[in-house]
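The chain contents come next:
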Amino acid sequence: MTKKNKTLGEFIIENQKAFPYSTGELSKLINAIRLAAKVVNHEVNKAGLIDILGESGDINAQGENQQKLDVLANAKFIQSLTNREIVCGIASEEENDFVVINSQDNNHQNKYVVLFDPLDGSSNIDVNVSVGSIFSIYRRVTPIGTPVTMDDFLQSGRKQVAAGYIIYGTSTMLVYTTGHGVNGFTLNPAIGTFYLSHPDMQYPEDGTIYSVNEGNYVHFPEGVKKYIKYCQMEEGDRPYTSRYIGSLVSDFHRNMIKGGIFLYPKSSKAANGKLRLLYECNPMAFLAEQAGGKASDGFQAILDIKPSELHQRVPFFCGSKNMVEKAEEFMETFG
Ligand SMILES: O=P(O)(O)OC[C@H]1O[C@](O)(COP(=O)(O)O)[C@@H](O)[C@@H]1O
Ligand SMILES: [Mg+2]
Ligand SMILES: [Mg+2]
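Reading the values: the criteria
- Residues numbered from 1 in each chain as written.
- Chains lettered and ligands numbered in written order.
- Predicted model: local features only at pLDDT ≥ 70, side-chain atom pairs only at ≥ 80, totals over all residues.
- Heavy atoms only, no water.
- UniProt positions renumbered as here; feature names shortened; annotations may be inferred.
- Donors = N, O, S within 2.8 Å, 3.2 Å for Na, K, Ca; no water.
- Buried < 20%, exposed > 50% of the residue type's maximum accessible area, 1.4 Å probe, protein only.
- Contact = heavy atoms within 4.5 Å.
- Helix = DSSP H or I, 4+ residues; strand = E, 2+ residues; numbered from the N terminus.
- Pairing = 2+ DSSP bridges.
- Axes fitted to C-alpha atoms, helices over the stretch in contact; angles between N-to-C directions.
- Phe/Tyr/Trp six-rings, centres within 6.5 Å; stacked < 30°, edge-to-face > 60°.
- Lys NZ or Arg CZ within 6 Å of the ring centre and 35° of its normal.
- Near = heavy atom within 4 Å.
- Polar contact = N/O pair within 3.5 Å; in protein donor to acceptor, adjacent residues only side chain to side chain.
- Nonpolar A, V, L, I, M, F, W, Y, C, P; charged D, E, K, R; others polar.
- Domains from an automatic or database assignment.

The name that an unreviewed UniProt entry assigns to the chain is Fructose-1,6-bisphosphatase class 1, with the source organism given as Galbibacter pacificus. In its Catalytic activity (unreviewed entry) section, the UniProt entry covering the chain states "beta-D-fructose 1,6-bisphosphate + H2O = beta-D-fructose 6-phosphate + phosphate". Here is the UniProt Subunit (unreviewed entry) comment for the chain, exactly as written: "Homotetramer."

Bound to the magnesium ion (ligand 3) on the protein side are Glu-93 (OE), Asp-117 (OD) and Leu-119 (O), at distances that span 2.0 to 2.2 Å. Sequence positions of the residues that donate to the magnesium ion (ligand 3) give the spacing E-x23-D-x1-L. The distance between the magnesium ion (ligand 3) and the magnesium ion (ligand 2) comes to 3.7 Å, with Asp-117 serving as a donor to both metals. Judged by relative accessible area, Asp-117 falls into the buried class, the value being 0%. Given the relative accessible area of 1%, Leu-119 is considered buried.

Attention now goes to the UniProt feature "binding site: substrate" (unreviewed entry) in the chain. Mapped onto the present numbering, the UniProt feature "binding site: substrate" (unreviewed entry) falls at Asp-120, Gly-121, Ser-122, Ser-123, Asn-213, Tyr-244 and Lys-274. Among all residues touching Ser-122, those that are not within four sequence positions of it are Gln-67 and Asp-70. In this structure, Ser-123 sits in the loop between β5 (112-120) and β6 (131-139). Judged by relative accessible area, which is 61%, Ser-123 ranks as exposed.

Glancing now at the sheet that holds strand β10 (residues 193-198). One open sheet holds the eight strands; their spatial order is β4-β3-β5-β6-β7-β8-β9-β10, and the pairing between them is mixed. The open sheet has two edge strands, β4 (99-100) and β10, and neither has a second partner. The sheet contact formed by strand β7 (residues 162-168) and strand β8 (residues 172-177) spans six bridges and is antiparallel. Directly across from Tyr-165, in β8, lies its bridge partner Val-175. Relative to β7, helix α5 (residues 248-258) is tilted by about 100°, and along the sheet it contacts β5, β6, β7, β8, β9 (182-188) and β10.

A few words now on the coordination of the magnesium ion (ligand 2). Protein-derived coordination of the magnesium ion (ligand 2) comes from Asp-117 (OD), Asp-120 (OD) and Glu-280 (OE), at a distance range of 1.8 to 2.1 Å. In primary sequence terms, the donor set of the magnesium ion (ligand 2) follows D-x2-D-x159-E.

Let us look at the packing of aromatic side chains. Taken as a whole and judged by the stated rule, the model has 13 aromatic pairs. With 5.9 Å between their ring centres and 25° between their planes, Tyr-227 and Tyr-230 make a pair best called stacked. Of this pair, Tyr-227 and Tyr-230 both sit in helix α4 (residues 222-232), three residues apart, roughly one helical turn. For the residue pair Tyr-227 and Tyr-230, the accessibility class agrees, reading buried in each case. The rings of Tyr-227, Tyr-230, Phe-330 and Phe-334 are connected pair by pair, giving a single aromatic cluster. It is Lys-226 that lies over the ring of Phe-334; its NZ or CZ is 4.8 Å from the centre. In this arrangement the basic side chain of Lys-229 is found over the ring face of Tyr-217, its NZ or CZ atom lying 5.2 Å from the centre.

What follows covers the site of ligand 1. Close contacts around ligand 1 come from 17 residues, with Asp-120, Ser-122, Tyr-244, Leu-248 and Tyr-264 the closest. Leu-119 has a polar backbone atom sitting 3.2 Å from an oxygen atom of ligand 1. Elements represented by at least two residues in the shell around ligand 1 include exactly β5 and β13 (261-264). Here the shell around ligand 1 takes three residues from β5, the largest share from any one element. For the shell around ligand 1, the per-class residue count stands at six nonpolar, five polar and six charged. Looking at which domains feed residues into the shell around ligand 1, each of domain 1 (8-198) and domain 2 (209-334) supplies at least three.

Here's what the structure looks like:
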């Protein structure tokens, strides 16, 4: 069992030692994300005071109004990743295309690409409800010394070397995996240090919470409608409790701790649902599987989906293993 209360910095170094051939680049990368998280946390906490609430007036690649905090968080992550010469490319929800990162004398020597959702739960920013940031890290597939291409970003989720999220909630936490379990670190704002507070996080196999935007109920496929009715029936440990924050990071975090299922299915209004495969569903699916949970599009494991576009959306069923399998049964039967 990993010892509690060591700092994130100590944990990163210890983990690096576990891999004799590691060059330390991934550790530097996680440290760059840690730094960006602290900077964004600082801005989020005083959002109402410094006029960064509300819309920026711009539209992102998905046709969504960008919030000022979306733009600010995006800039802070790019800055932190670029200044440390560890990534060769980034892709973000707030950037139309991927960005080649290469400093003067580096000649494309870096081997990692990072895909991220700089600010998750944008609809909750102005109403002081918890929001987050999500990141996913891959080793490039194109040769070192050449500029990254789209191939480096369109890798299946199984190829992720690390993934995680930051939740800006009642406390600020950074939760991540490098494929060896999931660990959560809480920020001590007084000294600006993340401490290991949630070692070896595990999804309970079963839970009694379901999270879905029921406002879309009439537009859902029959399988989802039937599963929601199943959750609401008086039988056994049901009815389950309905909880929906509207920030993927926060709904996922609660369900991972308490047990539960999160659904963002396709609907007659959104043929592939809303959530983006590369920087929302893949990283959360990697965390879920590493924590003993499950994540699918209702039929196929999210991590097995071969991406085709940078901002593609997929239906998302994620949470406690037995609950996701039950929902998949309904999708198999009723579609
Ligand atoms: O308001 P809806 O349709 O229920 O959507 C909520 C979902 O949209 C999101 O806000 C999309 O993420 P962004 O805020 O990063 O665009 C998720 O965090 C959340 O789960
Ligand atoms: Mg998001
Ligand atoms: Mg976002």
